[in-house]
Amino acid sequence: MRTYAGHSTAEKSNELYRGNLAKGQTGLSIAFDLPTQTGYDPDHELARGEVGKVGVPVAHKGDMETLLDGIPLDQMNTSMTINATAAWLLALYIVAAEDQGVGADALQGTTQNDIIKEYLSRGTYAFPPAPSMRLIADMVAYTVEQVPRWNPINICSYHLQEAGATPVQEIAYAMSTAIAVLDEVRPRVREELMGRVFSRISFFVNAGVRFIEEHAKLRAMAVLWDELGRERYGVTDESQRRFRYGVQVNSLGLTEAQPENNVQRIVLEALAVTLGRDVRARAVQLPAWNEALGLPRPWDQQWSLRLQQVLAFETDLLEYPDIFEGSVVMQGLVGELLAGARAEIAIVAEHGGAVEAVPYMKSALVESHRERIRRIETGELTVVGQNRFTETEPSPLTADGDGGILVVDPDVERGQKEALAAWRAARDQAAVDGALAELARVAGSDENVMPATIAAARAGATTGEWAQTLRDAFGSYRGPTGVGEAVALGDASLEDVRDEVERLSEALGRRVKILVGKPGLDGHSNGAEQIAVAARDAGMEVVYEGIRLTPAQIAASALQEGVHVVGLSILSGSHRELIPSVTAALREAGVGDVPVIVGGIIPTADVAALRAAGVAAVYTPKDFDISRIMRDIVALVSDRNGLSATSAADSRST
């Protein structure tokens, strides 16, 4: 039983972990901040506004030791949500355990370490696909012998569903990723070890509110995983072919509108992964009721933990054999999902496997997500409190001064920068330089990168230094956006908007052009992609360059492209720092008159400050009607160019 937790500093997160363990939590699930996840130190330009926001910053072994202070690592099962820099964070964990007198062979836990889904949905990649897969395979090969109780990778279908995946796509793309990883590992280990390798591969899945279908999905995944082990990799030990997974229930379906409804959603989603004993989750972490609003507080996390404890200890959920055994309905549903998944796996294979098929899978997810949004917009898919039953009383849960969420002190970033400078000043720089030079040499060879990585961690190198050494060796990479490849749909809800765009373009003398940008390190691009696709389908010219842009890059692009409007998307809580930086950069570039709109997880209390910084309109998850947003954009551009008397965007209640 876990809660996904970490924020501000290693000290504050350690205090949070100890409190959660005292309340009955039975494992750790560490959330790292975006600079740590993407391989940047707190003082890097791209880290601005992101330090300590969505997780804990860990820049070196000292931070890891502080994070785990007083937590016995020989008894703890630790899950680390880390992918691009997974090898580095595991190395820091190993070194921290050594300082506790705990050997690597005693460590239990999981590194997420699934880079394919980062290209598809979450965006915290650091290196190109081929060297990223090499890092994963090196980790698997190293841990199977040196850290034998560790799960070196968590094939992660969770974020695929968050990006819009259907159950069939979630199954197929996760299994295709597993095939790519195992095929990459196979040449690195002795053939007799493949059973052990297979048994250490775990999964991290999503469970949505359609919990019967979600349970069937898990049964289908178990069948396919057993087949893969037996037929493709020759694993004869049935216990090594067991489908082992942890789960975070669905966050995509959590609503900002009437957020109290999220509690019952979370409970129903937890049932999907606990009702059937034959495919019951090995670990469960539940989101808090307010994660569509911002960061949950310790009390909110306690509530999520108590939900699990009530299910486990008050109900009779765990007392019976598999209650779905023999169910005709469940068998039929599993069969349908298996047939669809096998067909989709075959398509991925035709594209050359999961690595080569990233552009295909990305565009497929964009299209699936667009279809989900269309169904919500039209009312085909009911979301209680959002598009139906919207009448509501004021919520006492959000009535307090902080709006019902945790607000990270903006001074945390300054403190982390100062602490990093002190760390660098006190360490043995010659030892660090030597360790990084050895890491660079190994990266250019075919040797396993883990020993050199652990040596760099021991020497006192930083997260940014380790990642930059590998960036220098491996090169840089920008993942596909899926926007250009997504099929254009004749969406009836956009017909009127298309007419308005045509009239406005004619009046302007050229096509209406929008720049969609994601400043900072937030890689959750689903919303930005949907806006970009809708704007394209409405007849606008769209400039969308993907994630991880600096304010200066966004301003330069706005100037060069001659855009009429800039749309910015941030879900990491860094909007208070980054949005004013972008508007200032636009003014410096001479395009300060271009209107800026902002979307993301933005508390109501922050809207006034964003408007004061020059933002024309703010959209949050409650604004699910994308066609309405398109009409707002047309009205805003018309108004700014003196072509209409009023602006729908400026008349919005926000």
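Residues numbered from 1 in each chain as written. Predicted model: local features only at pLDDT ≥ 70, side-chain atom pairs only at ≥ 80, totals over all residues. Heavy atoms only, no water.

## A word on the sheet that holds strand E3 (residues 77-81)
Taken in spatial order, the five strands make up an open sheet running E1-E2-E3-E4-E5, and their pairing is parallel. Strands at the two margins of the open sheet, each flanked by one partner only, are strand E1 (4-5) and strand E5 (150-151). Strand direction decides the pairing type here: E1 and strand E2 (residues 28-31), joined by two bridges, are parallel. Note on E2: the bridge partner recorded for Tyr4 is Ser29. Contacts from helix H4 (residues 86-99) reach E3, strand E4 (108-111) and E5, with the element oriented near 150° to E3. (Pairing = 2+ DSSP bridges. Helix = DSSP H or I, 4+ residues; strand = E, 2+ residues; numbered from the N terminus. Contact = heavy atoms within 4.5 Å. Axes fitted to C-alpha atoms, helices over the stretch in contact; angles between N-to-C directions.)

## A word on the environment of Trp150
Tracing the chain through its elements places Trp150 in strand E5. For Trp150, a relative accessible area of 0% translates into the label buried. With 271 residues separating them along the chain, Trp150 and Ala421 place their C-alpha atoms 33 Å apart. Setting aside its immediate chain neighbours within four residues, Trp150 contacts Thr78, Met80, Leu90, Tyr93, Leu107, Gln108, Gly109, Thr110, Thr111 and Arg200. (Buried < 20%, exposed > 50% of the residue type's maximum accessible area, 1.4 Å probe, protein only.)

## Re the pairing of strand E8 (residues 245-249)
Of all five residues in E8, five are buried; the element is thus mostly enclosed. Side chains Tyr245, Val247 and Val249 of E8 all project onto a buried face; the interleaved residues Gly246 and Gln248 project onto the opposite face, where all are buried too. As defined by bridge partners, strand E7 (residues 201-207) adjoins E8 across five bridges and the pair is classed as parallel. If you follow Asn206 over to E8, its bridge partner there is Gln248. Chirality of the crossover, the property in question, places the unit of E7, helix H10 (residues 211-232) and E8 among those that are right-handed. As paired elements, E8 and strand E9 (residues 283-285) share three bridges and run parallel to each other. The partner of Val247 across the bridge, within E9, is Val284. Following the backbone out of E8, through helix H11 (residues 262-272) and into the adjacent parallel E9, one traces a crossover that is right-handed. (Right-handed = clockwise from strand over helix to strand, strands pointing away.)

## Some details on the side chain of Ser8
Tracing the backbone through its elements, the reader meets Ser8 in the loop between E1 and helix H1 (10-22). Judged by its relative accessible area of 5%, Ser8 falls in the buried class. Only 2.7 Å separates the side chain of Ser8 from the side chain of His7, close enough to count as a polar contact. Here Ser8 is in contact with Gly52, Gly55, Pro57, Val408, Val412 and Gln416, once residues within four sequence places are set aside. (Polar contact = N/O pair within 3.5 Å; in protein donor to acceptor, adjacent residues only side chain to side chain.)

## Topic: helix H16 (residues 429-443)
Between its terminal C-alpha atoms H16 stretches 21 Å, which fits the 21 Å expected from 15 residues at 1.5 Å a residue. Restricting attention to buried positions, one finds in H16 the residues Val432, Ala435, Leu436, Leu439, Val442 and Ala443. In an axial view of H16, the angular spread of the buried residues amounts to 120°, which keeps them on one side of the axis. Summarising the contacts, the buried residues of H16 are in contact with helix H6 (129-146), helix H17 (450-459) and helix H18 (463-474). Sitting at the amino-terminal end of H16 is Asp428, which places a side-chain oxygen 3.2 Å from the backbone nitrogen of Ala430. (Expected span 1.5 Å × (residues − 1). Arc of directions from axis to C-beta.)

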